[in-house]
Amino acid sequence: MADSLFAMARYTEASMLYKKNFGNDEKNNQSLLLKLAFLSEKTNDYTNCLYYLSKLALITPSRKLFEKMDKLASEQNLKGYEFDDYNYFIIFYRRYGDYIPILLLSLGAYIVFIMLLKVHRKEAILRIHKISIILYLIALLGLLNVPSLYKTCIVINENTFLRGEPSSASPVIEKVGKGHKLIIVGSIDHWDRVIWDNKIVYIRQNDLWHI
């Protein structure tokens, strides 16, 4: 029904139905997110538009999509949507994420097997090789946790305060408008610890949409 209303350009009614089918998880249909983003942009609701596009990027990340968000955010003077090397890595990892851990774990298992074989043969294992395998395992652990560690959010309220500590009594570092995208690096009670202009600040969770 929503698709029929959309085809007839009855966008307000279609948007209401699409939103009823929207869930705050990664199970949303790609077409649903694209149409919600389109309808939001059409009504100049750029916060919602960028939110839906960011949700879409979790499902089907692409350079074109990130560049679209970057362009749209730049036009509205919004921060946090810049297309950089880290975003490109996230695209690559999400696209090939099912294969990378298998490849790395296979390589790790092979290295451990060789070392055990050397021990069995009573051959010396160089110190640099021991250090290398430890560093490799640490790097592998970090890589496997990239998706869970990379969490973002969008400010949804105007005149939102960024504070130095997770308390309403803490001094205000800066006041920002809605639409900015932030990286979450932790949370305390009903506060999220986020990065803003390369600084760690705190913001109330009810001022955010988690992506």
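Computed from a prediction, not measured in an experiment: that's the story for all the values here.

1. With respect to the overall build of the protein
Line of reasoning, step 1. Within the protein one finds nine helices and seven strands.
Line of reasoning, step 2. Expressed as a percentage of its 211 residues, the buried residues of the protein come to 36%.
Line of reasoning, step 3. Total accessible area on the protein stands at roughly 13,100 Å², and carbon and sulfur atoms take up 58% of it.

2. Brief notes about the packing of aromatic side chains
Line of reasoning, step 1. Under the criterion given, the structure shown has eight aromatic pairs.
Line of reasoning, step 2. Grouped by ring-pair contacts, the aromatic residues Phe 6, Tyr 11, Tyr 18 and Phe 38 constitute a single cluster.

3. Looking at the pairing of strand β5 (residues 191-196)
Line of reasoning, step 1. Sheet analysis places strand β4 (residues 181-188) next to β5, joined by five bridges and oriented antiparallel. What sits directly across from Ile 183, in β5, is Ile 195.
Line of reasoning, step 2. As paired strands, β5 and strand β6 (residues 199-204) are joined by six bridges and run antiparallel to one another. When the bridges of β6 are listed, Asp 192 appears paired with Ile 203.

4. What to know about helix α4 (residues 46-59)
Line of reasoning, step 1. The end-to-end C-alpha separation of α4 is 20 Å, in line with the 20 Å expected for 14 residues at 1.5 Å each.
Line of reasoning, step 2. Among the 14 residues in α4, 12 count as buried, and that is most of the element.
Line of reasoning, step 3. Inspection of α4 places Thr 47, Asn 48, Cys 49, Leu 50, Tyr 51, Tyr 52, Leu 53, Ser 54, Lys 55, Leu 56, Ala 57 and Leu 58 among the buried residues, and these make up the whole buried set.

5. Some thoughts on the nonpolar core
Generally speaking, soluble globular proteins have nonpolar side chains that are buried together.
Line of reasoning, step 1. Counting 28 residues, the largest nonpolar core has Tyr 18, Phe 22, Leu 50, Tyr 52, Met 69 and Tyr 81 as the members making the most contacts within it.
Line of reasoning, step 2. The set of elements that each furnish at least two residues to this core consists of α1 (2-7), α2 (11-20), α3 (30-42), α4 and α5 (63-75).
Line of reasoning, step 3. For this core, the leading source of residues is α4, giving eight residues.
Line of reasoning, step 4. When neighbours within four sequence positions are excluded, Tyr 81 is seen to be in contact with Leu 50, Ser 54, Phe 66, Met 69, Asp 70, Ala 73, Ile 154, Gly 179, His 180 and Lys 181.
Line of reasoning, step 5. By size, the runner-up hydrophobic cluster in this structure holds 11 residues, among which are Cys 153, Val 176, Ile 184 and Val 194.

6. Here we look at the side chain of Arg 163
Line of reasoning, step 1. The residue Arg 163 is located in strand β2 (residues 160-163) in this model.
Line of reasoning, step 2. One buried charged residue, Arg 163, remains without a salt bridge, the closest side chain of opposite sign being Asp 207 at 7.9 Å.
Line of reasoning, step 3. A polar contact is formed between the side chain of Arg 163 and the backbone oxygen of Ser 168, at a distance of 3.2 Å.
Line of reasoning, step 4. Setting aside residues no more than four positions away along its own chain, Arg 163 makes contact with Ser 168, Ser 170, Pro 171, Val 172, Ile 173, Trp 191, Val 201 and Tyr 202.

7. Some remarks on the pattern of salt bridges
Line of reasoning, step 1. In total, this model carries seven salt bridges according to the counting rule given.
Line of reasoning, step 2. Note that Lys 35 is salt-bridged to Asp 3, the shortest N-O span being 2.8 Å. Within this pair, whereas Lys 35 is found in helix α3, its partner Asp 3 is found in helix α1, the two being separated by 32 residues in sequence.

8. Structural notes on the confidence of the model for the protein
For any part of a model where pLDDT is low, the fine detail of the predicted coordinates should not be relied upon.
Line of reasoning, step 1. Of all residues in the protein, 87% have pLDDT values of 70 or greater, and the mean over the chain is 85.
Line of reasoning, step 2. Averaged over each element, pLDDT in the protein is lowest for helix α9 (residues 146-149) (58) and highest for β2 (95).

9. Describing the environment of Asn 157
Line of reasoning, step 1. Relative to the helices and strands, Asn 157 resides in the loop between β1 (151-155) and β2.
Line of reasoning, step 2. In this structure the C-alpha to C-alpha distance between Asn 157 and Gly 177, which are 20 residues apart in sequence, comes to 6.5 Å.
Line of reasoning, step 3. Within the structure, the side chain of Asn 157 is placed 2.7 Å from the side chain of Asp 207, a separation counted as a polar contact.

10. Digging into a nonpolar patch on the surface
Line of reasoning, step 1. A surface patch of nonpolar side chains, about 390 Å² in accessible area, is lined by Ile 131, Ile 134, Leu 135 and Ile 138.
Line of reasoning, step 2. Relative to the elements of secondary structure, Ile 138 occurs in helix α8 (residues 127-144).
Line of reasoning, step 3. Take Ile 138: its relative accessible area is 55%, and that puts it in the exposed class.

11. What to know about the side chain of His 180
Line of reasoning, step 1. Mapped onto the secondary structure, His 180 falls in the loop between β3 (172-176) and β4.
Line of reasoning, step 2. Among the polar contacts listed, one links the side chain of His 180 to the backbone nitrogen of Lys 79, at a separation of 3.0 Å.
Line of reasoning, step 3. Excluding residues within four positions of it along the chain, His 180 makes contact with Asn 77, Leu 78, Lys 79, Tyr 81, Cys 153, Ile 154, Val 155 and Trp 196.

About the thresholds
Residues numbered from 1 in each chain as written. Predicted model: local features only at pLDDT ≥ 70, side-chain atom pairs only at ≥ 80, totals over all residues. Heavy atoms only, no water. Helix = DSSP H or I, 4+ residues; strand = E, 2+ residues; numbered from the N terminus. Buried < 20%, exposed > 50% of the residue type's maximum accessible area, 1.4 Å probe, protein only. Areas by Shrake-Rupley, 256 points an atom, 1.4 Å probe, with all protein chains shown as cover. Phe/Tyr/Trp six-rings, centres within 6.5 Å; stacked < 30°, edge-to-face > 60°. Pairing = 2+ DSSP bridges. Expected span 1.5 Å × (residues − 1). Core = buried A, V, L, I, M, F, W, Y, C linked by side-chain atoms within 4.5 Å. Contact = heavy atoms within 4.5 Å. Lys, Arg positive; Asp, Glu negative; His and termini not counted. Salt bridge = Lys/Arg side-chain N within 4 Å of Asp/Glu carboxyl O. Polar contact = N/O pair within 3.5 Å; in protein donor to acceptor, adjacent residues only side chain to side chain. pLDDT = per-residue confidence, 0-100. Patch = residues over 30% accessible without salt bridge, like charges linked within 9 Å, V, L, I, M, F, W, Y side chains within 5 Å.

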